[in-house]
Structures are given as structure tokens and as C-alpha cells.
Amino acid sequence: MTHPVLSAVPHSGRRPFVTIDGWALKSNWRHMANLAPGARTGAAVKANGYGLGAPYVAKALFAAGCRDFFVAWAEEGAEVRAALPGMNYRIFVLQGLDAAAAAICREQKLIPVLSTLDDVRIWQEAGIGKLPAPAALQFETGMNRLGMDEADARRALAIARGGGFDITLVMSHLASADDPTSGQSEGQRASFERIAALFPHVARSLANSAGVFLGKPFHFDLTRPGIALYGGERTLDPQEALRPVATLHAQILQVRTAARGEAAGYGASARLERATRIATIGIGYADGFLRSSSGVTPIRAVEPAPEVAIGGRRAPVLGRVSMDLTLIDVTDLPDDSVVPGEVAEIFGPTISLDETARRAGTIAYEFLTSLGPRVSRFPV
Ligand SMILES: *Cc1c(COP(=O)(O)O)cnc(C)c1O
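Parameters and conventions
Residues numbered from 1 in each chain as written. Predicted model: local features only at pLDDT ≥ 70, side-chain atom pairs only at ≥ 80, totals over all residues. Heavy atoms only, no water. Helix = DSSP H or I, 4+ residues; strand = E, 2+ residues; numbered from the N terminus. Rg over C-alpha atoms; globule rule 2.2 N^0.38 Å. Buried < 20%, exposed > 50% of the residue type's maximum accessible area, 1.4 Å probe, protein only. Contact = heavy atoms within 4.5 Å. Areas by Shrake-Rupley, 256 points an atom, 1.4 Å probe, with all protein chains shown as cover. Lys, Arg positive; Asp, Glu negative; His and termini not counted. Charge placed at Lys NZ, Arg CZ, Asp CG, Glu CD. Near = heavy atom within 4 Å. Polar contact = N/O pair within 3.5 Å; in protein donor to acceptor, adjacent residues only side chain to side chain. Nonpolar A, V, L, I, M, F, W, Y, C, P; charged D, E, K, R; others polar. Phe/Tyr/Trp six-rings, centres within 6.5 Å; stacked < 30°, edge-to-face > 60°. Lys NZ or Arg CZ within 6 Å of the ring centre and 35° of its normal. Domains from an automatic or database assignment. Buried area = accessible area lost by both parts, 1.4 Å probe.

Chemist: I would appreciate a short explanation of the overall build of the protein in the present structure.
Modeler: Looking only at helices and strands, the protein has 12 helices and 19 strands in total. A compact globule built from 380 residues would reach a C-alpha radius of gyration of about 21 Å, and the protein, at 23 Å, matches this within 12%. Relative to its full complement of 380 residues, the protein shows a buried share of 55%. Residue pairs at least 24 apart in sequence account for 68% of intrachain contacts in the protein once pairs closer than 6 positions are excluded. Put simply, the protein shows about 16300 Å² of open surface, and 52% of that area lies on carbon and sulfur atoms. Computed over 39 positive and 38 negative side-chain charges, the separation of the two mean positions in the protein equals 3 Å.

Chemist: Could you clarify how one ought to interpret the site of the ligand in this entry?
Modeler: By nearness alone, 14 residues border the ligand, and Lys 46, Tyr 50, Ser 209, Ile 227 and Tyr 365 come closest of all. Side-chain polar atom of Lys 46 to an oxygen atom of the ligand: 2.6 Å apart, as the coordinates give it. Contact between the ligand and Tyr 50: an oxygen atom at 2.5 Å from a side-chain N or O atom of the residue. Protein chains shield 93% of the accessible area of the ligand, which is 390 Å² for the free molecule. Its residues assigned to classes, the shell around the ligand comprises seven nonpolar, four polar and three charged.

Chemist: For this particular structure, what's the right way to read unusual backbone geometry?
Modeler: It is generally the case that most residues other than glycine have a negative phi and that most peptide bonds are trans. One non-glycine residue with positive phi stands out, namely Phe 220, at about 50°. With respect to the secondary-structure elements, Phe 220 resides in the loop between α10 (209-213) and β10 (222-223). If you check the backbone angles, Ala 268 has positive phi at about 50° while not being a glycine. Using a relative accessible area of 26% as the deciding quantity, one classes Ala 268 as partly exposed.

Chemist: Please clarify how the environment of Ala 305 should be interpreted in this entry.
Modeler: Note on placement: Ala 305 falls in the loop between β14 (276-281) and β15 (307-310). A relative accessible area of 17% means that Ala 305 is categorised as buried. C-alpha separation for the pair Ala 305 and Leu 318, spaced 13 residues apart in sequence, amounts to 8.1 Å. Leave out the neighbours within four places in its chain, and Ala 305 touches Gly 295, Arg 300, Val 317 and Arg 359.

Chemist: I'm lost on the packing of aromatic side chains in this one. Help?
Modeler: Remark: the centre distance and the inter-plane angle together describe each pair of aromatic rings, the angle taken between the planes. Within this structure, the stated rule accounts for 11 aromatic pairs. For the pair Phe 192 and Phe 220, a centre-to-centre distance of 5.1 Å together with 90° between the ring planes defines the contact as edge-to-face. Remark: Phe 220 occurs in the loop between α10 and β10 and Phe 192 occurs in helix α9 (residues 184-196); sequence separation between them is 28 residues. The pair formed by Phe 192 and Phe 220 is uniform in burial state, with each residue classed as buried. For the pair Phe 289 and Phe 367, a centre-to-centre distance of 6.2 Å together with 65° between the ring planes defines the contact as edge-to-face. Separated by 78 residues along the polypeptide, Phe 289 in the loop between β14 and β15 and Phe 367 in helix α12 (residues 364-369) bring together distant segments of the chain. The exposure class assigned to Phe 289 is buried, which follows from its relative accessible area of 0%. The ring of Phe 62 carries Arg 67 above its face, with NZ or CZ at 3.8 Å from the centroid. Directly above the aromatic system of Trp 123 lies the positively charged group of Arg 106, at a separation of 5.6 Å from the ring centroid.

Chemist: It is not clear to me how helix α4 (residues 54-64) should be interpreted in this structure. Could you clarify?
Modeler: Because each turn of an α-helix spans 3.6 residues, side chains separated by three or four positions end up pointing in the same direction. Regarding α4, the residues found buried are Ala 54, Val 57, Ala 58, Ala 60, Leu 61, Phe 62 and Ala 64. The secondary structure elements touched by the buried residues of α4 are α2 (22-35), β3 (43-44), α3 (46-50), β4 (68-71) and α5 (74-83).

Chemist: Can you walk me through the environment of Gly 127 in this structure?
Modeler: Counting through the fold element by element, Gly 127 comes out in the loop between α7 (117-126) and β7 (133-138). Judged by its relative accessible area of 3%, Gly 127 falls in the buried class. Separated by 21 residues in the primary sequence, Gly 127 and Arg 106 have C-alpha atoms spaced 8.1 Å apart. Aside from chain neighbours lying at most four places away, what touches Gly 127 is Arg 106 and Gly 164.

Chemist: Hey, could you run me through the domain arrangement of the protein in this one?
Modeler: A common measure of how large an interface is: the accessible area buried when the components associate. What the domain assignment lists for the protein is domain 1 (22-230) and domain 2 (246-379). On a C-alpha basis, the centroid separation for the pair domain 1 and domain 2 is 37 Å. Listed by partner, the interface residues are seven residues for domain 1 and nine residues for domain 2. Carbon and sulfur atoms make up 70% of the area that domain 1 and domain 2 hide from each other, which totals about 760 Å².

See below:
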């Protein structure tokens, strides 16, 4: 049976596609907002909206009430700006300020997050002879990634007093919030409060998705959830209210039975220990079905092979994932559910994104942001 979405949209061939549940996306944002009632709730929409399409994702979250968007690069900010109506919302650019990015930020009214004194000077120079424009400052609190230590934060404050820009937000980023037993988060929170005290009237932001679940002391004035909105890391939510958003589908191209003792896939890495019915599905690592999802890889010592769901039943990946194709062992599935054109769920409501990612030795973030350009994105 053709997947219902495919009879409604132009889509040639048996290519992979991802359906995106806009209602679930909005519901997840509202859930994160309800968990931090004293703060504004923003959204990380960097990396093309975690792979799902930044314009679509930004519009859905805007409709849900989000007014603070975070992107990595200025160009991503310009894309979000073009997708949303009016100017009554903010776009923060997390990294990579140079003169060209500063010009884009000025032109598009994006708010750069300044993480070094270099950034501060670049933003100040971009404002010479113009009205002051807002900026955010990021502090180092234990991650050693991007951010100014306390001494540089004092220098930044002195530079800002010289004019040219306004500090509208101070922020830092948690390294271990997804591990509630880690003491690092509390240490970072305390450092953040100490440095932020230099900027007494400026709004503060610390929490990513996992940080929101750590509770009120981590919420400050603005939260920045990302992955939770997109249906990843759902097990961190004690209320279990987060919903799957993306369902990745591939279609069966061929079904054949191979004899016991034969091999399957590149490198003959799968040796068949029984007569095996094999479904070949049209998705591979070029589409973001990571090669570490293969049936035989070093990580199989700790994680079983990923499964896909066909007609609601699970079947494991067989042999190596190749660029455009993957083999599935469907021996144990009912015959009539496994025919060319039938759709296999890679992750979604049946098999969680987190499980698929874990079995590939990675995390939901990497799986989503690896979805390739050949994968059609269909809002449903
Ligand atoms: C990506 C990112 C976020 C969102 O993190 P999630 O773990 O996806 O919720 C928040 N803040 C910063 C600085 C980020 O880079």
C-alpha cells in the first residue's frame, strides 16, 4: 500500500522521506514552556531546524508562541527572518562573528552572541556611526567551548560602556545537563550567576532542553530548548509528555530469499545462518542512515543492530548500510507485508529516534541533522 502522504504530494521514485508532525512540534514547545513558567521559552533552530527544515520549523514554533530563535550562523538567521512575518521576535546568532557576518546581522537585525573580546570589537566596529544594536554575551562556565571568562566579561562591559551596542542577554551553556546526577550543572549554574551579576539588569539564559528538566534554578529569564522540541531525548522528561515529531521512511525496492551459507551486502559481512528473506530498502548513509547502523560494526558489541518497522513489525538491518541502499532481514515477518513499494519506518512512533541513534552508536541530534538533501520533508 502506498503511504498516504505520497499520494498527496509530488514525489518521484521510491525515495526516502520524512514526515514532520507540526502539531507534535508545537505541543513539545508548549510543554517546555509550561515546565519553565517564569521564563520566556525560545527555540534552537540551527542546522536547518535540526535537519527538519528551518523555515517550516520556525513558522510552526512562531505559531505556537515562540519569539526567540537561536541559530549557529548569520545566514541561518537570515533564512529564519525570511520565513517569519513582521519583526516582533528575536533571532540570536550563536557563533562565528566576522565583519561579513556582522554586516548580515546589522542588515537583518539579528542579535549576535559575542563569545570573545574579538567578537565584541567586531560588533562595536560594525556599529560605528549607526544606532546602537543589541548583542548577547556568552560566558565560560566549565565547558571550555565558547564564552568569556570573568576577566574578559569585565573588559567587554567596559567596552560596551564606550557605546556602539546594547547588551540584551547574557548566557552560558550546560555541558552535562542530560545527566541529572552530574555535579557539573550546579557548578556551571553558580559560575554563571557570579559572572552575570556584573550585568545586573540584563536578562539571563542558561538552559538547553535538558537544562529545563533540571528545574527552576536553571531557567533564569529565557530557555533555549532544541532537541526536545524535535522529539529527541524524550526519556529525560519525567512527565513523558514529549511526542515524536519526525518519522523517517524508506521504501522496499526488492525482496528475495537467499540460501543458508550465502552472504549479503558489501564485504560479504553478513553470513546467512539460515535461508533468509531480504528486503532491500532505498535509503543509505548518503541520506543520513548512518553507516554505523550496519548489522556488523564494532559497536555491535554493546548495541544490537538497528531495526526498522514494516507493517508495524520490527526487522533488523542485515550487513553493511551502503550509500543508497540497506538490507533488512525480514524472514520473521508475514509475507504479505513485505512487498516492493511497501514503506519501512526507520524511526518514528514505532521505533524511537533515540533508540535508532543509540544503536548506531550516536545521539538523536546527529541522526536528525544528518538527514540528507535527497530525503523529502513532508509536513503532516
Ligand atoms: C544547540 C544549543 C542549544 C539547544 O540544545 P538542546 O540540547 O538541543 O536543547 C541551546 N544553546 C546553545 C548554545 C546551543 O548551541
